[in-house]
Amino acid sequence: MAATVDPTSTQLEKRATPPVQMFYCGVCTYPPEYCEFGNSLSKCKEWLQAQHPDLYEKYYSDVALKAKLGTISQEAQSRLEEETIKKEAKADAKADAARKKKLASQVIIKRIERNKRKFVTSIRGLEAFGVDLKKAAKLFAQRFATGGSVTKNAAGIDEIVVQGDVSQEIYDMIAEANEDGKGGKKGLDILKGVLIDNIELVEEKRKKDTEQ
Amino acid sequence: MRTSPSHASQAFFTDRTQRWQVLLQHRGMFKKFQPSTDIVGQTPVKSSVQRGIRSTLLSSWKIDTETLEEIWPKKESIVHVKCRDHLSIYALHGEPLFFQGHDGPYLPTVRLLHKYPFILPHVRIDRGAIRFLLAGAHMMCPGLTSAGGWLPPADAALPAGTAVAFDAEGKEFAVGVGITKLGTEEMRAVNKGIAVESVTYVGDDLWALQKL
């Protein structure tokens, strides 16, 4: 029986060309042979050596390096290397600045009184931590069974507005999503990456004269 | 919807490739592409339109029905991701497969090209040109005609306006996708100026867009 099954399967394979199995660098996402043109070569090298020593040998052994030179002149090659180092330093500095900015940015959860006993909660600054605001708004709306939307505030910055006083709950949700050790509860991974220490809970009372 | 100002200007460009090239320059490809602001909307593609795309792909790419079936099974419906400047990305299960600028040719993403390298004709750039390509530059003639580069032989010459894959000297995988601006024979003869306009390459914003 197996003999009759086999030919059909090989025939199928013959007709549809299988895709090339690609392997990409885990640091810069380039194919490893192009890491040298990225801006994290030393990190890429380290990663490849640790994870896939055989490939490291293929791309960075002395023989490979010599073959790689190809038709380019020695001088141009050294210039290229110099540039790579420079680029790397630049990228590092950039990443560092981004990290610092992230550390400095605040998430503000504000409880706004609308009408004596009715509140809305606005959450500002989540986008600095790479949170998808639309998805997060949907998550909050679903979780609390209320309205939740992304709106532009007076300054033109997007913020999430959730109906009802849910500031403490939202704080807890974010905390839960970023707890160490646990992978975060199901569905909360949207909120990952936020620094809990940077969350501020504030309250805004409605002024009497602006009452409608 | 289809009566945008650029539509009126089409009358100036009687030649299809010419128009396409102007558009290319205009939109700057995927060099500064921000998914959050540049994507207008996602819509499933009508099955009749899908049939049209399928037959266009089969005639314009060097691909057989079975392989295309593997990439894009008949039963699966692709999603049309509309972006600014009439740029369309087509995605299957959120993974971009190919794209089209205005009504130019369908071009595969570099990731798809890596899996199926044979779907486009190849040209090779020399080692010195790689870093320029990865910075988004168009490819000049000398980079292709020099010792490290490679152009198809005279009997397989490509006309201007053909979609090509960029290989790189000493590298295994393609590094980008471009559209020829000169015929390959012309490149040899002139050996000056832009030969192939790069459209997408490893490490650009389309490359970074792994999931839509």
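Each chain carries its own residue numbering, running from 1 in the direction its sequence is written. Lettering of chains starts at A and numbering of ligands starts at 1, both following the order in which they are written. Totals for whole chains, interfaces and linings use every residue, but because this is a predicted model, local features are given only for residues with pLDDT of at least 70 and side-chain atom pairs only at 80 or more, for both listing and counting. Based on all heavy atoms of the structure, the side-chain values leave hydrogens and waters out of the count.

By the naming in an unreviewed UniProt entry, chain B is Translation machinery-associated protein 20, taken from Lactarius akahatsu.

An unreviewed UniProt entry lists chain A under the name Translation machinery-associated protein 22, with Lactarius akahatsu given as the organism. UniProt positions are given in the numbering used here, feature names are shortened, and annotations may be inferred rather than shown by experiment. According to the UniProt record, the Subcellular location (unreviewed entry) comment for chain A reads "Cytoplasm". Comment text from UniProt for chain A, heading Sequence similarities (unreviewed entry), reads "Belongs to the DENR family."

Enquirer: Quick one: what's the story with the pairing of strand β8 (residues 163-168) of chain B, residue by residue and with numbers?
Expert: Residues and elements named next belong to chain B. Think of it in three bands: residues with accessible area under 20% of the maximum for their type are buried, residues over 50% are exposed, and the middle band is partly exposed, with areas taken using a 1.4 Å probe on protein chains only. Helix numbers and strand numbers start at the N terminus; a helix is a DSSP run of H or I with at least 4 residues, a strand a run of E with at least 2. With six of six residues buried, β8 lies mostly within the body of the structure. Burial along β8 is two-sided: Ala163, Ala165 and Asp167 facing one way and Val164, Phe166 and Ala168 facing the other are all buried. Across four bridges, the pairing between strand β6 (residues 122-125) and β8 is parallel. Looking at β8, one finds that Ile125 is bridged to Ala168. Only when DSSP finds a minimum of two bridges between them are two strands counted as paired. Bridge count between β8 and strand β9 (residues 176-180): four bridges; the pairing is antiparallel. Residue pairing for β9: Ala165 is matched across the bridge by Val177.

Enquirer: Pulling in residues and values, what's your account of unusual backbone geometry?
Expert: Residues and elements named next belong to chain B. In this structure, Asp85 takes a positive phi of about 55° despite not being glycine. Take Asp85: it is sitting in the loop between β2 (79-83) and β3 (87-92). The phi dihedral of His93 falls on the positive side, at around 50°, and the residue is not glycine. Relative to the helices and strands, His93 resides in the loop between β3 and β4 (95-101).

Enquirer: Would you mind going over the nonpolar core in detail, with residue names and values included?
Expert: Among the nonpolar cores identified, the biggest contains 76 residues, and Ile53, Trp61, Trp72, Ile89, Phe98, Ile125 and Val175 of chain B are the most heavily contacted of them. We call two residues in contact when some of their heavy atoms are within 4.5 Å. Sequence-distant contacts of Ile125 of chain B, that is, excluding residues within four places in its chain, are made with Ile130, Leu133, Met139, Gly143, Leu144, Gly148, Gly149, Phe166, Asp167, Ala168, Glu169 and Val175 of chain B. Residues enter a nonpolar core if they are buried and are Ala, Val, Leu, Ile, Met, Phe, Trp, Tyr or Cys, with the set joined through side-chain atoms within 4.5 Å. Core analysis: the next-biggest nonpolar cluster, separate from the first, contains 23 residues, Val131, Leu133, Ala137 and Val166 of chain A among them.

Enquirer: Mind laying out the packing of helix α2 (residues 41-51) of chain A against helix α3 (residues 53-60) of chain A, listing which residues take part and the relevant values?
Expert: All names here are of chain A. Contact geometry of α2 with α3 gives a least axis separation of 5 Å together with a crossing angle of 135°. Relative to α3, the element α2 is oriented oblique. Contacts between α2 and α3 involve Leu41, Lys45, Leu48, Gln49, Ala50 and Gln51 from the former and Pro53, Leu55, Tyr56, Tyr59 and Tyr60 from the latter. Classifying every residue of the contact of α2 with α3 by side-chain character gives eight nonpolar, two polar and one charged. Throughout, an axis means a line fitted to C-alpha atoms (over the contacting stretch in the case of helices), and angles, computed between N-to-C directions, take values from 0 to 180 degrees. An angle counts as roughly parallel when it lies under 35 degrees, as roughly antiparallel when it exceeds 145, as roughly perpendicular when it falls between 65 and 115, and as oblique in every other case. Under the scheme applied here, ten amino acids are nonpolar (Ala, Val, Leu, Ile, Met, Phe, Trp, Tyr, Cys and Pro), four are charged (Asp, Glu, Lys and Arg), and all others, including Gly, are polar.

Enquirer: Lay out the confidence of the model for chain B in plain terms, naming residues and giving numbers.
Expert: All names here are of chain B. How sure the predictor is of each residue is captured by pLDDT, a score from 0 to 100. Residue-level pLDDT values for chain B average 82, and 86% of them are 70 or greater. When mean pLDDT is taken per element in chain B, strand β5 (residues 107-108) scores highest with 92 and helix α1 (residues 5-9) scores lowest with 45. Under a pLDDT of 50 for its full length, residues 1-14 has, in the predicted model, 11 contacts with residues more than four places off or in other chains. Scored below 50 in pLDDT, residues 19-27 shows 26 contacts in the model against residues more than four places distant or in partner chains.

Enquirer: Pulling in residues and values, what's your account of the interface of chain B and chain A?
Expert: With 28 residues of chain B at the interface, the matching set in chain A holds 25 residues. Of the roughly 2,400 Å² buried between chain B and chain A, counting both surfaces, carbon and sulfur atoms make up 57%. For this analysis, a salt bridge means a side-chain nitrogen from Lys or Arg found within 4 Å of a carboxyl oxygen belonging to Asp or Glu. At the surface where chain B touches chain A, the tally comes to three salt bridges. Here a polar contact is taken to be a pair of N or O atoms separated by no more than 3.5 Å, where protein atoms must pair a possible hydrogen donor with a possible acceptor and residues adjacent in sequence count only if both atoms sit in side chains. At the surface where chain B touches chain A, the tally comes to 10 residue pairs in polar contact (both at pLDDT 80 or more). Every element with two or more residues in the side of chain B that touches chain A is listed here: α5 (65-71), α6 (110-115) and α7 (127-133) of chain B. The element contributing the most residues to the side of chain B that touches chain A is α7 of chain B, with four residues. The term buried area means the drop in 1.4 Å probe accessible area that two parts suffer when joined, counted for both and summed.

Enquirer: Any chance you could break down the environment of Val194 of chain A for me, citing the residues and the numbers?
Expert: Residue and element names in this part refer to chain A. Take Val194: it is sitting in the loop between α7 (167-177) and β5 (199-204). C-alpha of Val194 to C-alpha of Asn178: the two residues are 16 residues apart in sequence and 6.9 Å apart in space. When near neighbours in sequence (up to four residues on either side) are disregarded, Val194 contacts Val107, Leu126, Phe129, Val131, Ile174, Asn178 and Ile199.

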